[in-house]
2 protein chains.
Amino acid sequence: MFSKTTEYALRATIFIAQKSSETNKLGIEEISNAIDSPKSFTAKILQALTKNNNVVSSVRGPNGGFFITEKAKKLPVRAILKAMGEEDVLDKCVLGLKQCSEMQPCPMHAQYKPIKKQLKELFGTKTIQQLAADIKDGVVFINNKK
Amino acid sequence: MFSKTTEYALRATIFIAQKSSETNKLGIEEISNAIDSPKSFTAKILQALTKNNNVVSSVRGPNGGFFITEKAKKLPVRAILKAMGEEDVLDKCVLGLKQCSEMQPCPMHAQYKPIKKQLKELFGTKTIQQLAADIKDGVVFINNKK
DNA sequence: AATATTAAAGACAAAATTATCTTTAAATAT
DNA sequence: ATATTTAAAGATAATTTTGTCTTTAATATT
């Protein structure tokens, strides 16, 4: 469904939201270990997330690292997709048609429509905070070790 | 959602199902023009679809080309994904976790579950034939020209 | 049998994605 | 001030995906 890049972005952001605070920032080492992603590559992704949309925040230097503000925690998961430039996945035609609409629907359009609606609803309303809370409650996991 | 390869595979198969018959086969030129895909690349894809799963049939030589049998028309759309080795898209964890299950769910798991179910239902029950029929009825389109 | 037409097969190439490594800049602590 | 720690920035590389081109094989027509 998503690119590796976006998968890492989602996992990293959720992990940071769960573990970090303005006074307890997380280093790239800890993050990439936790979510099982390549370190340098993840650094790039976090860089993008801090630049675009301010989904993630960072400070350099000792005791520096990544964290996520209370405000950002209230963003919908979709904000992560947006920051990664992959928001269009939720809107794209299943068959990859450039023109696919009510007026000129592809053969899957009508059937896929309600599914797309739910996908957009899910990513548009579920917040980063909510996902992080579920991890804290232990009902849900984010680690990726076999 | 899907790779270009699979998008082309879906469009090509549906187009062939609509236009071809055992006595009226379609050339790669006509197919790739109709669905707006790179010709040689599409040829490879059709090759794969004829080899794997026999979703598409072909014969070489004059009046040869691609067609799809009545039997194959009754296959679910999922068979195309399977032939392209991209069936797992319908099962994958949204966050890309290797381990994501009821026992050890990712933070999106519970919410994504009903959506995944509908996706699998759609691709598992909708047949190639049904999609092709909708095009013939003119209620739906497959061309990709701007 | 020879020729023409078509897909199959294979080699190659371009582009995008994924990943790594090195250098630089910012912030803190000493 | 200096040294240390951390992310930012940039250069480079590996891999995968996407795409092209050439040769071969099968089938039909003449």
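Just above, that's the structure.
Just so we're clear, the structure is a prediction, and the values are computed from it rather than from any experiment.

Participant: Teacher, can you tell me more about the protein's contact with DNA strand C here?
Facilitator: Around DNA strand C lies a shell of 27 residues, among which A:Thr5, A:Arg60, B:Lys44, B:Ser58 and B:Arg60 are the nearest. When the atoms of DNA strand C within 4 Å of the protein are sorted by group, sugar and phosphate make up 62%. Within the backbone of A:Lys4, an N or O atom sits 3.1 Å from a phosphate oxygen of DNA strand C. Between DNA strand C and A:Tyr8 there is a distance of 2.9 Å, counted from a phosphate oxygen to a side-chain nitrogen or oxygen. Residue assignment for the surface near DNA strand C shows that the elements contributing at least two residues are helix H1 (4-19) and helix H3 (39-51) of chain A together with helix H3 (39-51), strand S1 (57-59) and strand S2 (65-67) of chain B.

Participant: Is there a simple way to explain the side chain of A:Arg78 in this structure?
Facilitator: Mapped onto the secondary structure, A:Arg78 falls in helix H5 (residues 78-83). Excluding its chain neighbours within four sequence positions, the residues that come into contact with A:Arg78 are A:Glu87, A:Leu90, A:Asp91, A:Lys120, A:Phe123 and A:Gly124.

Participant: Just to check I follow, could you spell out the pattern of salt bridges for this structure?
Facilitator: Between side chains of opposite charge, a pair can form when the charged atoms approach closely. Per the stated rule, a full pass over the model turns up 16 salt bridges over all chains. Between A:Glu29 and A:Lys39 there is a salt bridge whose closest N-O contact spans 3.1 Å. Residue A:Glu29 is located in helix H2 (residues 28-35), and its partner A:Lys39 is located in helix H3; the two are separated by 10 residues in the primary sequence. On the basis of relative accessibility, which here comes to 45%, the residue A:Glu29 falls in the partly exposed class. Judged by relative accessible area, A:Lys39 falls into the partly exposed class, the value being 39%. Across the pair B:Glu87 and B:Arg78 runs a salt bridge whose closest N-O atoms are separated by 2.8 Å. Each member of the salt-bridge network shares a partner with another, and the members are A:Arg78, A:Glu87, A:Asp91 and A:Lys120.

Participant: Explain the protein's contact with DNA strand D to me, please; I cannot follow it from the model alone.
Facilitator: In the vicinity of DNA strand D lie 27 residues, with A:Lys44, A:Ser58, A:Arg60, B:Thr5 and B:Pro62 positioned nearest. Among the atoms of DNA strand D lying within 4 Å of the protein, the sugar-phosphate backbone contributes 63%. Here B:Thr5 contributes a side-chain N or O atom positioned 2.7 Å from a phosphate oxygen of DNA strand D. Among the elements of the structure, H3, strand S1 (57-59) and strand S2 (65-67) of chain A together with helix H1 (4-19) and H3 of chain B are those that each provide at least two residues to the surface near DNA strand D. Considering every element that reaches the surface near DNA strand D, the biggest residue donor is H3(A), with 4 residues. Along the lines of polarity and charge, the residues of the surface near DNA strand D split into 9 nonpolar, 12 polar and 6 charged.

Participant: What's the story with the relation of the copies chain A and chain B in this structure? I'm lost.
Facilitator: In the superposition of chain A on chain B (RMSD 0.0 Å, axial shift 0.0 Å), the rotation amounts to 180 degrees. Such a combination of rotation and displacement between the chain copies is what one expects of a two-fold axis. When C-alpha distances to the rotation axis are compared across chain A, the minimum falls at A:Met1, with a value of 2.3 Å. Of the residues that chain A buries at the interface, 100% are likewise interface residues in chain B, meaning the two copies contact each other through the same surface.

Participant: I'm lost on the environment of A:Phe141 in this one. Help?
Facilitator: Within the secondary structure layout, A:Phe141 lies in the segment after helix H7 (128-136). Each C-alpha atom of the pair A:Phe141 and A:Glu30 lies 16 Å from the other, and the pair is 111 residues apart in sequence. Excluding residues within four positions of it along the chain, A:Phe141 makes contact with B:Leu97, B:Met103, B:Gln104, B:Pro105, B:Cys106 and B:Pro107.

Participant: What is the right way to read the interface of chain A and chain B from this model?
Facilitator: Frequently, the measure chosen for interface size is the accessible area removed from exposure when the parts meet. The partner chain B presents 40 residues to the 40 residues of chain A that form the contact. At the junction of chain A and chain B, the tally comes to 9 residue pairs in polar contact (both at pLDDT 80 or more). For the side of chain A that touches chain B, the secondary-structure elements that each account for two or more residues are H1, helix H6 (109-125) and H7 of chain A. For the side of chain A that touches chain B, the element with the most residues is H6(A), which contributes 7 residues.

Participant: Can you help me understand helix H7 (residues 128-136) of chain B in this one?
Facilitator: Along an α-helix, residues three or four positions apart point the same way, because every turn accommodates 3.6 residues. Residue and element names in this part refer to chain B. Taken as a whole, H7 has its buried residues at Ile128, Leu131, Ala132 and Ile135. For H7, the angular spread of the buried residues around the axis is 100 degrees, confining them to a single face. Contacts made by the buried residues of H7 are with H1, helix H4 (70-73) and helix H5 (78-83). In the stretch just after H7, glycine 138 is the one whose phi turns positive, near 80 degrees.

Participant: I tried to follow the packing of H6(A) against helix H6 (residues 109-125) of chain B on my own but got confused; where do I start?
Facilitator: Any two packed helices are characterised by the angle at which their axes cross and by the distance between the axes. It is the contact of H6(A) with H6(B), at a shortest axis distance of 10 Å, that shows an interaxial angle of 165 degrees. It follows that H6(A) is roughly antiparallel to H6(B) by the angle criterion. Along this stretch, H6(A) crosses H6(B), giving a crossing that reads as left-handed. Residue-level contacts link A:Gln111, A:Tyr112, A:Ile115, A:Gln118, A:Leu119 and A:Leu122 of H6(A) to B:Gln111, B:Tyr112, B:Ile115, B:Gln118, B:Leu119 and B:Leu122 of H6(B). Its residues assigned to classes, the contact of H6(A) with H6(B) comprises 8 nonpolar, 4 polar and no charged.

Reading the values: the criteria
- Residues numbered from 1 in each chain as written.
- Chains lettered and ligands numbered in written order.
- Predicted model: local features only at pLDDT ≥ 70, side-chain atom pairs only at ≥ 80, totals over all residues.
- Heavy atoms only, no water.
- Near = heavy atom within 4 Å.
- Polar contact = N/O pair within 3.5 Å; in protein donor to acceptor, adjacent residues only side chain to side chain.
- Helix = DSSP H or I, 4+ residues; strand = E, 2+ residues; numbered from the N terminus.
- Contact = heavy atoms within 4.5 Å.
- Salt bridge = Lys/Arg side-chain N within 4 Å of Asp/Glu carboxyl O.
- Buried < 20%, exposed > 50% of the residue type's maximum accessible area, 1.4 Å probe, protein only.
- Nonpolar A, V, L, I, M, F, W, Y, C, P; charged D, E, K, R; others polar.
- Least-squares fit on C-alpha atoms with pLDDT ≥ 70 in both.
- Arc of directions from axis to C-beta.
- Axes fitted to C-alpha atoms, helices over the stretch in contact; angles between N-to-C directions.
- Parallel < 35°, antiparallel > 145°, perpendicular 65-115°, else oblique.
- Left-handed = near helix turned anticlockwise from the far one by under 90°.

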